[in-house]
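Architecture and fold: a report
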Amino acid sequence: MASLQSLRGMVDLLPEQLGLWQHVEVTAREQFRRSAIREIRTPLLEVTELFARGIGEATDVVGKEMYTFFDRGERSCTLRPEGTASVVRAAIQHGLLSQGPQRLWYGGPMFRYERPQAGRQRQFHQIGVELLGFADACSDVEAIAVAWDLLAELGVGGLELELNSLGSAEDRARYREQLVAWLEQHRAELDADSQDRIHSNPLRVLDSKHPGTQALLAEAPSLASALSDASQSRFAEVQQALTALGIPYVLNPRLVRGLDYYSHTAFEITSSQLGAQATVCGGGRYDGLVQQLGGPATPAIGWALGMERLVLLLSQLKRPAAVASALDLYVVSRGEAAATQALALARRCRQAGLAVERDASGAAFGKQFKRADRSGARWAAVIGEQEAIDGVVALKDLRADGGEPADRRLSPEGLLEALGAALPRP
RNA sequence: GCGGGCGUAGCCAAGUGGUUAAGGCAGCGGCUUGUGGCGCCGCCAUUCGGGGGUUCAAGUCCCCUCGCUCGCCCCA
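Here's a quick rundown of the structure.

1. Section: helix H15 (residues 365-375)
Of all the residues in H15, the buried ones are Gln-368, Phe-369 and Ala-372. Looking down the long axis of H15, one finds its buried residues gathered within 100 degrees of arc, a one-sided arrangement. What points out from H15, more than 90 degrees from its buried face, is the exposed set Gly-366, Asp-373 and Arg-374. Elements in contact with the buried residues of H15: strand S12 (329-333), strand S14 (379-383) and strand S15 (393-397). Looking at the residues trailing H15, positive phi occurs at Gly-376, about 85 degrees.

The structure is reproduced here in structure tokens:
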């Protein structure tokens, strides 16, 4: 293969596919606008330390999945593997939090060095929401509802909301001790991966898919029983609010999530139609992160949604979202003088708001009309040698049946007027 | 990082050791130098991801390599 290719796991998005993407983006923007959530954009590249401190040194993301390199100033830089740490960094850096709670969303590419598979790429795209400075249980549910309603609005069905509580930082620390002690006692019975995680990331052992380990875990101390009374009643509040909003959920006590910063509410929205990578949207509460990154103590909740996975679901739908506004006008011409007039006409019509394509081939009219037909345009404007001399254009309705020559001859302004009347104006 | 599957044209794809690499879509040209959708005709892979080997003979078998893909892992 002599020609150059994109890097493994880095995919091109072609015009044909982008109709769906743009539909998602427009719908999401509208959902955020209604939800009083404002956009924030942060750099794709950050100092490595941000992610190491924010996400956690022991996590897989930081430990083995980051695109990290030294720049010319010998600073260690990393392509962002997720969005939350950057948003929090930006909020701290610009004093946003001293202006009160922040309701923010972001979107764009993320990078993780993993083996690609269905629903997993090295460069992928997320849309995410971060509510900074919101402590109450209803805010957790508000965040979840924004995601849930966005997916509903897009018409994605068959989704499941999985829910768990990781408790407060103290609960988690206490439980961690219990769990490590128990795991140590049963070390020999665990699978190799889980053995490695006993000290580095014991909670993840709970989510092991190894059948033997799972069977054994039935006997392990449970996270739920380690929650303080306050944490438990907080979790109950979240569940009540979800019920009040009519959002169905299932409790998943094994849901711990891979990033260190989560506490209390953790959730994932999954689909059975995505293959092994079933999570479309995942998130949770991260009350400690802002302070950990040097900001004021700030409770927060957020989520991220995988664009590729969402688009995958959408493209499986029977009724794919209506895309691509067709062309209004296709301009056909023949001869040098006509080409200039065709260009001028196309430009004039574009200035008036019409979608116009001009055939630049100079080929036989038969060919040009074939392309005009395929372009999906509603009308064709014809400028041949005779029209060029007379300073007129012939207008032809491409939705009419036959192949008879266009008979309406109009001045350019007359054509504009005729089309303006025929087309619905926004 | 570890397993499985697969690489034939822009896309889909037949071909399972015998030599002229089916077919379809798209594209291009013509029937039709000034008028589209249908139809018909023609063109479009000196070569089967790349390299080496076995053989009289390799797209077909073997080895290596690159890539894609699915899964493990992890997560969006």
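What follows continues from the structure just given.
2. Topic: the packing of helix H1 (residues 15-34) against helix H5 (residues 137-153)
Packing of H1 against H5 brings their axes to within 10 Å, and their N-to-C directions diverge by 140 degrees. When the axes of H1 and H5 are compared, the pair comes out oblique. At the point where H1 passes H5, the crossing takes the right-handed sense. Along the contact surface, H1 presents Thr-27, Ala-28, Gln-31, Phe-32 and Arg-34, while H5 presents Ala-145, Val-146, Asp-149, Leu-150 and Glu-153. Residues of the contact of H1 with H5, tallied by class, amount to 5 nonpolar, 2 polar and 3 charged.

3. Section: the packing of aromatic side chains
Evaluated as defined, the whole model comprises 7 aromatic pairs. Geometrically, the ring pair formed by Tyr-67 and Phe-111 is edge-to-face, given 6.5 Å between the ring centres and 80 degrees between the ring planes. Placement of Tyr-67 in strand S3 (residues 67-70) and of Phe-111 in strand S5 (residues 102-111) is noted, with a sequence separation of 44 residues between them. Each member of the pair, Tyr-67 as well as Phe-111, is classed as buried. Aromatic side chains Phe-365 and Phe-369 sit 6.4 Å apart centroid to centroid with 55 degrees between the ring planes, which places their arrangement in the tilted category.

Conventions we followed
- Residues numbered from 1 in each chain as written.
- Chains lettered and ligands numbered in written order.
- Predicted model: local features only at pLDDT ≥ 70, side-chain atom pairs only at ≥ 80, totals over all residues.
- Heavy atoms only, no water.
- Buried < 20%, exposed > 50% of the residue type's maximum accessible area, 1.4 Å probe, protein only.
- Helix = DSSP H or I, 4+ residues; strand = E, 2+ residues; numbered from the N terminus.
- Arc of directions from axis to C-beta.
- Contact = heavy atoms within 4.5 Å.
- Axes fitted to C-alpha atoms, helices over the stretch in contact; angles between N-to-C directions.
- Parallel < 35°, antiparallel > 145°, perpendicular 65-115°, else oblique.
- Left-handed = near helix turned anticlockwise from the far one by under 90°.
- Nonpolar A, V, L, I, M, F, W, Y, C, P; charged D, E, K, R; others polar.
- Phe/Tyr/Trp six-rings, centres within 6.5 Å; stacked < 30°, edge-to-face > 60°.

None of this, on its own, says anything about what the molecule does.
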